[in-house]
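Listed below, chain by chain, are the residues.
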Amino acid sequence: MKQINWASGDVSSVPYRVYTDPELFQLEQERIFRGPVWIYAGLECELPNPGDYITTYIGTVPVIVSRNEQGAVTALVNRCAHRGAIVRRERRGNANSHACIYHQWTYDLDGKLTGVPYRRGIDGAGGYPPDFDPACHGLPALRVAVFSRVIFVSFSDAVPPIEDYLGEELCSRLKRTFSRKVYLLGYQRQRIRGNWKLIVENVKDAYHGALLHAFNSRFGNFRSTQRGRTTLGGGGLHSLLTTFGMEGEADTARALAQVQTFKPGINLEDKTSLRYIDEFKDGIVTSIMSIFPNMLSIQGRNRPTIRQVRPKSHNEFELVWTYFGYDGDTEDMRLLRVKQANFLGPGGYVSVEDSEAIELVQKAIEAQAGDGSGVIALGGRTVEDQEHLVTEVAIRGFWQGYRKLMAI
């Protein structure tokens, strides 16, 4: 890996090479995605019954997450112990075992190898040696932690307890988000030609929502002038961006006059999606939670959503959007959540510009082989909670934690 020129302790700038170096990407798979980290893998509501499973990726490693016959959640590397083929190709389903299509090696829901064709040969010919032990050839199991209806997994035995990993602020916000049993509304997926860390930075970037997204500034979904707070966790790796509505908002007209994307003429033929029902009664209007490395949770208006980041290479990642509601929703509320799902997703009113912005960054920095660096000094150069949103402190916190974990 080519040397990354990064001054010791400096998190107010970031070398562009961290987005373009293929060798660094491989090191991230080892030190982050297979390191002492809890990684988001799904929601319990995706596995309501024994035998239910979903397939996902932890970094670049394919994984099966399922509920076994005893009701416990398990996570297995989705790679056959025989010749290394992906075992489960479906995105989700229900089964009492997992069988590889290549040579039909079969595993139970805990990963134990239970079936091997021709193990003793045919009519005395062929077969495996007498010392072949199926117990030595199961699917590797990952550690699993279920916290507040959210499933986290880890490859590492050195990972701290999930509560310690998240920290008090993130635990509290997760409990708020999943204070009631949830049901699945659906998914969307997209491929973005950029480094995975760019989308993590994007969610930690509080003020771009008012500058880049015309829908936000026009309809007041998320504006820098709103009363807000930026909170860090996990040594800076995690973050919370919170807005508290319009009360006490700064001079919006004066602020928006400087925003090129603010277009007062933008309107909606059907404004029913803008309706807001106060579900939590705590004054929070928007909650944007980033849990390192791959969980991005957004709860604005009545549209709770999770984005899962799946790195594919140093310059491409997949983003999986999971939409959900709460048990007890009326039909009116369910319909409102479906309508508001149009705000987000690959073509969402609010989020459609994010992928374009990320690809613009990736193209430009790769054109110069990753030379140069970006500036992240808005709100100062420190890494500490701030009582406003006009700051890049959450991005600085991310890089502080990243550098420590990656030892660079």
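Structure first, text after, so check above.
Given the structure is predicted, the values throughout are model-derived calculations rather than measurements.

Reading the values: rules and limits
- Residues numbered from 1 in each chain as written.
- Predicted model: local features only at pLDDT ≥ 70, side-chain atom pairs only at ≥ 80, totals over all residues.
- Heavy atoms only, no water.
- Salt bridge = Lys/Arg side-chain N within 4 Å of Asp/Glu carboxyl O.
- Helix = DSSP H or I, 4+ residues; strand = E, 2+ residues; numbered from the N terminus.
- Buried < 20%, exposed > 50% of the residue type's maximum accessible area, 1.4 Å probe, protein only.
- Polar contact = N/O pair within 3.5 Å; in protein donor to acceptor, adjacent residues only side chain to side chain.
- Contact = heavy atoms within 4.5 Å.
- Pairing = 2+ DSSP bridges.
- Patch = residues over 30% accessible without salt bridge, like charges linked within 9 Å, V, L, I, M, F, W, Y side chains within 5 Å.
- Areas by Shrake-Rupley, 256 points an atom, 1.4 Å probe, with all protein chains shown as cover.
- Lys, Arg positive; Asp, Glu negative; His and termini not counted.
- Charge placed at Lys NZ, Arg CZ, Asp CG, Glu CD.
- Core = buried A, V, L, I, M, F, W, Y, C linked by side-chain atoms within 4.5 Å.
- Axes fitted to C-alpha atoms, helices over the stretch in contact; angles between N-to-C directions.
- Phe/Tyr/Trp six-rings, centres within 6.5 Å; stacked < 30°, edge-to-face > 60°.

Participant: Give me the pattern of salt bridges: which residues, what numbers.
Facilitator: Summed over all chains, the structure comprises 16 salt bridges. Taking the shortest distance from any N to any O, the salt bridge between Glu316 and Arg191 comes out at 3.5 Å. Of this pair, Glu316 sits in strand β18 (residues 316-326) while Arg191 sits in strand β12 (residues 182-192), and the two are 125 residues apart along the sequence. Here Glu316 falls in the partly exposed class, since its relative accessible area comes to 25%. By relative accessible area, which is 47% here, Arg191 ends up partly exposed. What you see here is one network of salt bridges that share partners, running through Arg180, Glu279, Asp329 and Arg337.

Participant: Got a sec to walk through the side chain of Gln362? Specific residues and values, please.
Facilitator: The topology assignment puts Gln362 in helix α9 (residues 352-367). A polar side-chain atom of Gln362 sits 2.9 Å from the main-chain amide nitrogen of Asn195. Discounting residues that sit within four places of it in the chain, Gln362 has contacts with Tyr19, Thr20, Arg193, Gly194, Asn195, Leu198, His314 and Asn315.

Participant: Describe the pairing of strand β16 (residues 295-300), with residues and values.
Facilitator: Looking down a regular strand, the side chains alternate between one sheet face and the other. Judged by how many residues are buried, β16 sits mostly within the fold: six of six residues are covered. Along β16, one buried face is formed by Met295, Ser297 and Gln299 and the opposite face, lined by Leu296, Ile298 and Gly300, is buried too. As defined by bridge partners, strand β15 (residues 286-291) adjoins β16 across six bridges and the pair is classed as antiparallel. Considered in β16, the bridge of Ser287 is made with Gln299. If you look at the hairpin formed by β15 and β16, you'll find three residues sitting between the two strands. Relative to strand β17 (residues 303-313), β16 runs antiparallel, the two being bridged by six bridges. Its bridge partner lying in β17, Gly300 is registered against Arg303. Joining the antiparallel neighbours β16 and β17 is a turn of two residues, in which Arg301 adopts a positive phi near 50°.

Participant: Just give me the short version of a nonpolar patch on the surface, but keep the residues and values in it.
Facilitator: Side chains of Leu185, Leu335 and Val338 sit close together on the surface and give an oily, nonpolar patch of about 200 Å² of accessible area. Locating Leu185 in the fold gives a position in strand β12.

Participant: If you had to explain the environment of Arg88 to someone new, which residues and values would you point to?
Facilitator: In this structure, Arg88 sits in the loop between β5 (73-77) and β6 (92-94). Look at Arg88 and you get buried, because its relative accessible area is 13%. For the pair Arg88 and Pro62, spaced 26 residues apart in the sequence, the C-alpha separation amounts to 9.2 Å. Every residue in contact with Arg88, bar those within four places of it in the chain, is listed here: Tyr53, Thr55, Ile64, Asn78, Ala95, Ser97 and His98. Engagement of the side chain of Arg88 in a polar contact is seen with the side chain of Tyr53, the distance being 3.3 Å.

Participant: Give a description of a negative patch on the surface that names residues and reports values.
Facilitator: Side chains of Glu168, Glu169, Glu384 and Asp385 sit close together on the surface and give a patch of like negative charge. Residue class for Glu384 comes out partly exposed when judged on its relative accessible area of 46%.

Participant: Break down the nonpolar core for me, with residues and values.
Facilitator: Val65, Phe152, Leu166, Leu174, Trp196 and Trp399 are the most contacted members of the largest nonpolar core, which has 84 residues in total. Take this core: its biggest share by element is six residues, from β18. Other than its neighbours up to four places away in sequence, Val65 contacts Ala41, Leu47, Asp52, Tyr53, Ile54, Thr56, Val73, Thr74, Ala75 and Ile151. The next biggest cluster of nonpolar side chains, apart from the first, holds 10 residues, and it includes Cys80, Leu113, Val116 and Leu139.

Participant: Pulling in residues and values, what's your account of unusual backbone geometry?
Facilitator: Of note, the bond from Phe292 into Pro293 is cis; its omega dihedral lies within 30 degrees of zero at 0°. Notably, Lys281 is not glycine yet its phi reads approximately 55°, a positive angle. The phi dihedral of Arg301 falls on the positive side, at around 50°, and the residue is not glycine. As for its position among the elements, Arg301 is in the loop between β16 and β17. Assessed through its relative accessible area of 17%, Arg301 is described here as buried.

Participant: Give me the sheet that holds β16: which residues, what numbers.
Facilitator: Taken in spatial order, the seven strands of this open sheet run β12-β18-β17-β16-β15-β14-β13, and their pairing is antiparallel. Looking along the sheet, the strands with just one partner apiece sit at the ends: β12 and β13 (228-233). Strand-to-strand twist across the sheet, computed as the mean angle between neighbouring axes with direction ignored, equals 15°. One ladder, built from 10 bridges, connects β12 with β18; its direction is antiparallel. Bridging across to β18, Tyr183 finds its partner in Gly325. The sheet strands contacting helix α3 (residues 168-177) are β13, β14 (238-243), β15, β16 and β18, and the helix crosses β15 at an angle near 125°.

Participant: Hey, could you go over the packing of aromatic side chains for me, with residue numbers and the actual values?
Facilitator: Per the stated rule, a full pass over the model turns up 14 aromatic pairs. Taking the centre distance of 5.9 Å and the plane angle of 75° together, the rings of Trp105 and Phe132 count as edge-to-face. Placement of Trp105 in the loop between β7 (98-99) and β8 (106-107) and of Phe132 in the loop between β9 (113-115) and β10 (143-147) is noted, with a sequence separation of 27 residues between them. For the pair Trp105 and Phe132, a shared accessibility class is recorded, and that class is buried.

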